[in-house]
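Observations on the three-dimensional arrangement
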Amino acid sequence: MSRFFKAGSDSESETESSEDDEILQQRPSAAPVQSRTFQFSDDEDDSRRIVRSAKDKRFDEMTNIIQQMKNHKQIKDMANVLNDFEALIKAADKAKKVIQEEGVPRFFIRCLYDLEEYANECWEDKEWRKSISKNNSKSFTSLRQKLKKYIREKYEKEVNDYKENPDQGDDDKRDETPAPQDEESEEDEVDVPVKAPVIKPKLPAPPVIKKQLPKSMDDDDDDDDDIDWGSSDDSVESDIDDEQFDTGKLTAEYFLKKSDSGTSKKEKKRKEPKQTKLEETDEEGDWEEVKGGAPLIMERPKMFGKDQEINVDAVLKKLYEITSARGKKGTDRNEQIELLKELREIAETNTLGLGIDVKLYFNIIGAIFDYNPNTLTSMRNDVWESCLSYLQTLLNILIDHPEVNVGEHIKEDDENLTEAPLYVRGCFLTLVEKMDEEFTKMLQSCDAHSTEYVERLQDERQVCDILEKTLRYLEIKGNTLEISRIYLKRIEHLYYKFDTSCVYTGENEPKKEGTSEQTMDKLCKFLYTSETPDRLRTRAILCHIYHHALHNRWFQARDLMLMSHLQDNIGHSDIPTQLLYNRTLVQLGLCAFRQGNIRDAHNALVDIQSSNRAKELLAQGLLPNRQNERTPEQEKIEKRRLFPYHMHINLELLECVYLVSAMLLEIPFMAAHEMDVRRRMISKNFHHVMKMSERQTLIGPPESMREHVVAASKSMKTGDWKACKNFIINDKMNAKVWDLFFQPDKVRDMITVKIQEESLRTYLFTYSNVYDTLSLHTLAEMFELDMSVVHRIISKMIINEELMASLAEPTQTVIMHRTEPSRLQSLALQLSDKFLTLVENNERILEVKQGIYPFQNKRDRNDRQPGTSAAFQHHTQGVVEGEGYGPPTSKNVTNNQHWNRRNNKNYSRESRNY
């Protein structure tokens, strides 16, 4: 401190310094002051601060990166070259403001050009590419792609200009290592005296040198904390007043950094920049303060110049400019559609002809389809409506003007847009198919129980109208393949719709004109006879069968399915076709059930219902898969395959039909083979439902559809057909299932008759060993059937050897022969069969443990090596022919097992006879 005061004033007396020492000695008794390390100006003699402009700062950063890149290019370190290139791009983005003001620096363009040439040279060096590591190869590939894309998108013109004149203006040496700047430079320096001057009380403080910084320096956080040019309070001269140089008042607290009202300099600078910026910009006149929130409306640039001639070539050139941005990142798709619409209006105003109008329509519709980048989501409603209107307009133009020829086979060079006949490249059928896909996606995305779904479904009339017009147009102008494709689209919109005018109700009905049956017959027969791809023909056959089955034409649908042999090779088809096959098979089963063919109905539905995945197999929803969880991509793909809600088949109706069919088949079969141990199951799903019901401790009245079927099955077991019928046909079941059929009364009558017949068969199987004779009249009255029906059923059972009895025609009775074993005999036979099975299993296990197989002789056992089994010896050495032994899969073992089985059968026959 004394040194500082000595430096500050040479005229101080010794008394003043002694008083100062006394003050410093009294310091501990005062309030404690936080100690702080001071750095005086004596330690920084002749130090000056250098301030650089934003241009120099940003460009020097880029040159340093370029120098590092040169070093990495020399050793061909592609990973670091890629990192340097990415860092250079980031540095160029930071210097965006400077580049806009000063222009693109020459050294940066030269660096991009050199890097491109370097990448091309390395690419041509095939031996080097084979020898480099995998990481370097991957980095090199990424570098070429990113460099090419970056130059093409931003600096293609500048690089091309540099290629033409590489020596022009090549005086910029910023790519070299930057030399240290001269400390004596006055342009980039501001002398801010940090060294405290010699304090003289009577001399005025030296003025503070101020220099206005450029605007770009306001964003540099590095210099803000060190330099505060607008504040004179920071200078040492202004902190020290003439009146404060009383040595009695100069304590250590005086030299500490002070804050005005608790705010620091940084806080001041955060509060002040708005005012300073406004003041600076007002002086320069570059910025204007806008009050209020009124948006700035920008006018769209005009399509053509004021004096430019608008002709076909100019419109095509402008069209190419608009469509070249299609698919690029950052392209505004809505603006692109508007530009194409405006271009079409300009062409129409200048009457440039029909050819250019058709071409612009094709591009507008294509841009509308590209509006939604996500293929999994549907269009907006307004975009969809505009798409339909443009398709209608374009289709009407093509139909009304046959001189306009469009097609994919027409090349762009062969287009003729001015003179007739006109040739325009484009496929209208592809647009129609895309429209149909979008319509399906819109229905999939809507809630099926909302009014929005109904509103969107109303658009199907317009979609079908477009398909009809396209069909008529292609029948004149299209080829066979195009006609087949549009025929299939028409079929797919028709096959699932129920037409009451062509429902089959009896034999030899005259066909009505103009029905959906005739339309389907015409369209499908064309696909059957023409040379179309197999997929189109397969889908047409399935749709035709579905339509037959939906309208109760059972025999036509069944014969077409059997003749097509689709069930043999449907597994090789694509997934949508397999889903259509499942739907057709289900509809075929429902048709067989309505016609009373219970066994055929069960056979058609058993594959779908036995897996408990009917909802997924019919593409009507997704089920949680516990074994294999779906990835998000798989789930999205499967959701796109789902059918719209109005095409769904009622799953509860489907399950009810299947369970009723299984009940009518399974209950009589179980009664006939009650004592058979090896009884096969007709329907595993039905048995599972019955077992789950038997496991319940308390069984109440049935509520769900399954419970009704289970209760009906238990009643049928005892021959109580009335209770069975009441469980199947009641108000609850009618509302859930039977009223959904066309002509439900006929279906209910058919089910009642089937229940009566199968209950009669079950009764005979169950109680045949109780009766000696049965009267046909009694059976007819018990089951409320005609005598002829009872006679037919019993006769068929006797012929099929299901019932050991004979009919006495004069007395109308059934005489039982009692050849079936009694219950005790049946249980004994079951026990003997189980014992035989147990003995066979024990012998097989013993042979496997000893390693001995049937018909192995002593030579085989003696010749094998110790510690190895006979099976291993046979597998390694092969089978010796004629020796009578071989591996377990040889014919010897098979013959031996067959012999054992035959002996067991003889034994079982003897036991039965006994």
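It should be noted that the structure appears before, not after, this text.
Residues numbered from 1 in each chain as written. Predicted model: local features only at pLDDT ≥ 70, side-chain atom pairs only at ≥ 80, totals over all residues. Heavy atoms only, no water.

Concerning the overall build of the chain
What counts, and what does not: Starting at the N terminus, helices and strands are each numbered in turn, a helix being any DSSP run of H or I of at least four residues and a strand any DSSP run of E of at least two. Burial here depends on accessible area, computed with a 1.4 Å probe over protein chains only, as a share of the maximum for the residue type. Under 20% is buried, over 50% is exposed, and the range in between is partly exposed. For this analysis, residues touch if any pair of their heavy atoms sits within 4.5 Å. Using a 1.4 Å probe, the Shrake-Rupley method yields the accessible areas, and only the shown protein chains count as cover for residues.
If you tally the helices and strands in the chain, you get 41 helices and five strands. Across the 914 residues that make up the chain, the buried fraction comes to 38%. For the chain, the proportion of contacts with a sequence separation of at least 24, taken over those separated by at least 6, is 67%. As displayed, the chain has an accessible area near 56,900 Å², and 49% of this comes from carbon and sulfur atoms.

With respect to unusual backbone geometry
Here the residue pair Ala420 and Pro421 is connected by a cis peptide bond, since its omega of -5° sits within 30 degrees of zero. The backbone of Thr351 shows a phi angle near 45°, a positive value even though the residue is not glycine. One non-glycine residue with positive phi stands out, namely Asn552, at about 65°. Position of Asn552 among the secondary structure elements: in the loop between helix 23 (534-550) and helix 24 (554-564).

Details of the nonpolar core
Put simply, the rule is: Put simply, a nonpolar core is a bunch of buried Ala, Val, Leu, Ile, Met, Phe, Trp, Tyr and Cys residues held in one set by side-chain atoms that sit within 4.5 Å of each other.
Core analysis: the largest hydrophobic core is formed by 160 residues, its most contacted members being Phe593, Met663, Ile728 and Trp738. Excluding residues within four positions of it along the chain, Ile728 makes contact with Val660, Met663, His708, Val709, Ala712, Met733, Trp738, Ile751 and Ile755. Counting 36 residues, the second largest nonpolar core, distinct from the first, contains Ala54, Phe59, Leu82 and Phe85.

A short note on the packing of aromatic side chains
The line we're drawing: The pairing test for Phe, Tyr and Trp rings, Trp by its six-membered ring, is centres within 6.5 Å, and the orientation test on the planes gives stacked under 30 degrees, edge-to-face over 60, and tilted for anything in between.
Within the structure shown, the criterion is met by 18 aromatic pairs. Ring centres of Phe85 and Tyr150 lie 6.0 Å apart, and the angle between their planes is 90°; this geometry places the pair in the edge-to-face category. A residue pair is termed long-range when its members are at least 10 positions apart, and Phe85 in helix 4 (residues 78-94) and Tyr150 in helix 8 (residues 134-154) qualify at 65 residues. A residue is classified by how much of its surface remains accessible, and Phe85, at 0% relative accessible area, is buried. Here the aromatic rings of Tyr495 and Tyr546 are separated by 5.0 Å at their centres, their planes lie at 80°, and the arrangement is edge-to-face.

Some thoughts on the pairing of strand 5 (residues 813-816)
Applicable threshold: Should DSSP find at least two bridges between two strands, the strands are regarded as paired.
Sheet analysis places strand 3 (residues 773-775) next to strand 5, joined by three bridges and oriented antiparallel. Counterpart to Ser775 in the pairing with strand 5 is Thr813. Bridge analysis of strand 4 (residues 805-808) against strand 5 gives four bridges, and the strand direction is antiparallel. Bridging across to strand 5, Ser806 finds its partner in Ile815. Linking strand 4 back to strand 5 in an antiparallel pair, the connection comprises four residues, with Gln812 at a positive phi of about 55°.

Focus on helix 6 (residues 106-124)
Two residues of an α-helix separated by three or four positions point the same way, owing to the 3.6 residues in each turn. We apply this condition: By definition here, a helix of n residues has an expected span of 1.5 Å times n minus one.
Taking 1.5 Å per residue as the helical rise, helix 6 with its 19 residues ought to reach 27 Å, and the 27 Å between its terminal C-alpha atoms agrees with that figure. Residues Phe107, Phe108, Ile109, Arg110, Cys111, Leu112, Leu115, Tyr118, Ala119 and Cys122 constitute the buried set of helix 6. In this structure, the buried residues of helix 6 make contact with helix 3 (54-74), helix 4, helix 7 (126-131), helix 8 and helix 9 (156-164).

Details of a positive patch on the surface
This is how the line gets drawn: Patches in this entry comprise residues that are over 30% relatively accessible and not in a salt bridge; like charges within 9 Å are linked, as are nonpolar side chains (Val, Leu, Ile, Met, Phe, Trp, Tyr) within 5 Å. By convention in these notes, a salt bridge is any Lys or Arg side-chain nitrogen within 4 Å of a carboxyl oxygen on Asp or Glu. Charge assignment in this entry is limited to Lys and Arg as positive and Asp and Glu as negative, and neither His nor the chain termini are counted. One atom stands in for each charge, and that atom is NZ of Lys, CZ of Arg, CG of Asp or CD of Glu.
On the surface, Lys148, Lys149, Arg152, Lys328 and Lys329 cluster together into a patch of positive charge. Counting through the fold element by element, Lys148 comes out in helix 8. You can call Lys148 exposed: its relative accessible area is 60%.

Some points on the sheet that holds strand 4
To be explicit about the condition: Between N-to-C directions, angles cover 0 to 180 degrees, with each direction set by a line fitted to C-alpha atoms, over the stretch in contact for helices.
Ordered in space as 3-5-4, the three strands form an open sheet in which the pairing is antiparallel. Strand pairing shows two members of the sheet lacking a second neighbour, strand 3 and strand 4, which therefore form its edges. The average undirected angle you get between the axes of adjacent strands in this sheet is 20°. Against the sheet, helix 36 (residues 776-783) makes contact with strand 3, strand 4 and strand 5, and its axis sits at roughly 60° relative to strand 3, the strand it touches most.

So yeah, pure geometry; function would need other evidence.
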